[in-house]
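What follows is the residue order along each chain.
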Amino acid sequence: MDHFLMPDDRTLHGHFSATRAPVLTVDPGDTVTVGTLDCWWSAGPHTGGHLPDRPRVSQYRADYGHALTGPVFIRGAGPGRTLSVRIDAVVPGGWGTTVAGGWPSPLNHRYGLEASGAVHAWTLDPVAMTGRNQLGHTVALRPFMGILGMPPAEPGEHSTIPPRVHGGNLDCRDLVAGSVLMLPIPVEGALFSVGDGHAAQGDGEVGGTAIECPMDQVTLTFDVLSDFPVTAPVARTAGAWLTLGLAATLDEAAFAALESMFTLMERIHGLARADALALASVVVDLRVTQIVNQIVGVHAVLPDGVLH
């Protein structure tokens, strides 16, 4: 069955919370098409000047993080099971914004750009899949959602900024249409939300923002798996398996990604752990997912066809 959710008074929220009432209940196998705002709750394209100059939608609150649409309750989802999210389509709106520097942060301090920065306003063409900024630079678009996830089981409202093992602000640029994201479920019904659309981003998201944009269409198909346990995000893309590691440092995130990769290789190739390590050293790539979300990310990549 197909369902539709647009960003409005009922669906928009700026925290993760296990007590937030779902706006939609679906069955495994159902497809949900969602519209999203940009991460800043913008009411329209940036018109120049500093980031706070932009108009925001009326639903914005000062204590909110990213603009999320949802949550969706999936029947049969619960702790001990895995949520499978197939990303069927990601269609950006006609504009986006990249902000670099201009605010106090550890990264901007290192860059020497706390006091000054740049705002790039992009015009997006979702047919040609290109974006052009006001300086005349053109880039190829590869749209994906920065936030795909569920609330922690712990009570209270939780920030949208740090990613968690059950998803959230993963900012993994490989989660494009055609990918499947698998997450451990922390709460009954999953209470899945989506937001933080990116028209394009490099690995690392080194400036703190990508091309942040609203999405006209994000189509997701949900399933609940009882025979594929995961303890952290695992993804299947068109050409590879990915395991995502999250931690306070890149070293620890890399080890977390590798632990998940060893488990995956043991499962799908019938390997002992030592053999998985030996082969991973030959065929698995480590890539920095993002360094800007308080908790950093590394993903391990096992390309298709490298093991026979």
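Note: the structure precedes this text.
Residues numbered from 1 in each chain as written. Predicted model: local features only at pLDDT ≥ 70, side-chain atom pairs only at ≥ 80, totals over all residues. Heavy atoms only, no water.

Undergrad: What am I meant to see in the overall build of the protein here?
TA: Each helix and strand counted, the protein has 3 helices and 19 strands in total. At 19 Å, the protein has a C-alpha radius of gyration in line with the 19 Å of a compact globule built from 308 residues. Taken along the three principal axes of its C-alpha coordinates, the protein extends 55 × 40 × 40 Å. The buried share of the protein, taken over its 308 residues, is 53%. Pairs at least 24 residues apart make up 73% of the contacts formed inside the protein by residues separated by at least 6 positions. A total of about 13100 Å² of accessible surface is found on the protein, and carbon and sulfur atoms cover 56% of it. (Helix = DSSP H or I, 4+ residues; strand = E, 2+ residues; numbered from the N terminus. Rg over C-alpha atoms; globule rule 2.2 N^0.38 Å. Buried < 20%, exposed > 50% of the residue type's maximum accessible area, 1.4 Å probe, protein only. Contact = heavy atoms within 4.5 Å. Areas by Shrake-Rupley, 256 points an atom, 1.4 Å probe, with all protein chains shown as cover.)

Undergrad: Before we go on, may I ask you to explain the packing of aromatic side chains in this structure?
TA: Each aromatic ring pair is summarised here by two numbers: the centre-to-centre distance and the angle between the ring planes. Enumeration according to the criterion identifies 4 aromatic pairs in this entry. Between phenylalanine 192 and phenylalanine 222, the aromatic rings sit 5.2 Å apart at their centres with planes inclined by 70°, giving edge-to-face as the arrangement. With phenylalanine 192 in strand E14 (residues 192–198) and phenylalanine 222 in strand E15 (residues 215–225), the pair connects residues that are 30 residues apart, well separated along the chain. You can call phenylalanine 192 buried: its relative accessible area is 2%. Using a relative accessible area of 2% as the deciding quantity, one classes phenylalanine 222 as buried. Put simply, the rings of Trp41, Tyr60 and Tyr64 pair up and form one aromatic cluster. (Phe/Tyr/Trp six-rings, centres within 6.5 Å; stacked < 30°, edge-to-face > 60°.)

Undergrad: Can you help me understand the pattern of salt bridges in this one?
TA: Opposite charge on two side chains makes pairing possible when the charged atoms of those side chains draw close. One pass over the full model with this rule turns up 8 salt bridges. Notably, a salt bridge pairs arginine 61 with aspartate 63, separated by 2.8 Å at the nearest N-O pair. In this structure arginine 61 comes out as partly exposed when scored by relative accessible area, which is 38%. Salt-bridge contacts for aspartate 304 lead to arginine 236; the nearest nitrogen and oxygen are separated by 2.9 Å. Here arginine 236 lies in strand E16 (residues 234–236) and aspartate 304 lies in the segment after strand E19 (296–303), a separation of 68 residues in the sequence. A cluster of three or more residues bridged by salt bridges with shared partners is formed by Arg142, Asp174, Asp203 and Arg287. (Salt bridge = Lys/Arg side-chain N within 4 Å of Asp/Glu carboxyl O.)

Undergrad: Whenever I open this one, the sheet that holds strand E17 (residues 240–247) confuses me. Can you help?
TA: The mixed open sheet is built from 9 strands, whose spatial order is E1-E4-E15-E6-E13-E16-E17-E19-E18. Each edge of the open sheet is held by one strand with a lone partner, namely strand E1 (2–5) and strand E18 (285–290). Averaged over all neighbouring strand pairs, the angle between strand axes comes to 25°, with direction disregarded. Across 10 bridges, the pairing between strand E6 (residues 82–92) and E15 is antiparallel. (Pairing = 2+ DSSP bridges. Axes fitted to C-alpha atoms, helices over the stretch in contact; angles between N-to-C directions.)

Undergrad: Explain the layout of surface pockets here, please?
TA: Over the atoms rolls a probe the size of a water molecule, and its path tells where empty space is left. Estimated volume of the largest pocket: approximately 780 Å³. Looking at the largest pocket, it is lined by 31 residues, and the ones nearest its centre are His66, Trp103, Ile161, Gly208 and Val292. For the lining of the largest pocket, the elements supplying multiple residues, two or more each, are helix H1 (106–111) and E14. Ranked by residues supplied to the lining of the largest pocket, first place goes to H1 with 3 residues. For the lining of the largest pocket, a count of residues per class yields 15 nonpolar, 11 polar and 5 charged. (1 Å grid on protein atoms, 1.4 Å probe; cavity = no way out; pocket = protein on both sides within 12 Å on 5 of 7 lines; lining within 4 Å. Points joined across faces, edges and corners; volume = space filled by probe spheres on them. Nonpolar A, V, L, I, M, F, W, Y, C, P; charged D, E, K, R; others polar.)

Undergrad: What is the right way to read the environment of leucine 258 from this model?
TA: Along the chain, leucine 258 falls in helix H2 (residues 250–269). Take leucine 258: its relative accessible area is 17%, and that puts it in the buried class. Sequence-wise, leucine 258 and valine 298 are 40 residues apart; in three dimensions their C-alpha atoms are separated by 9.2 Å.

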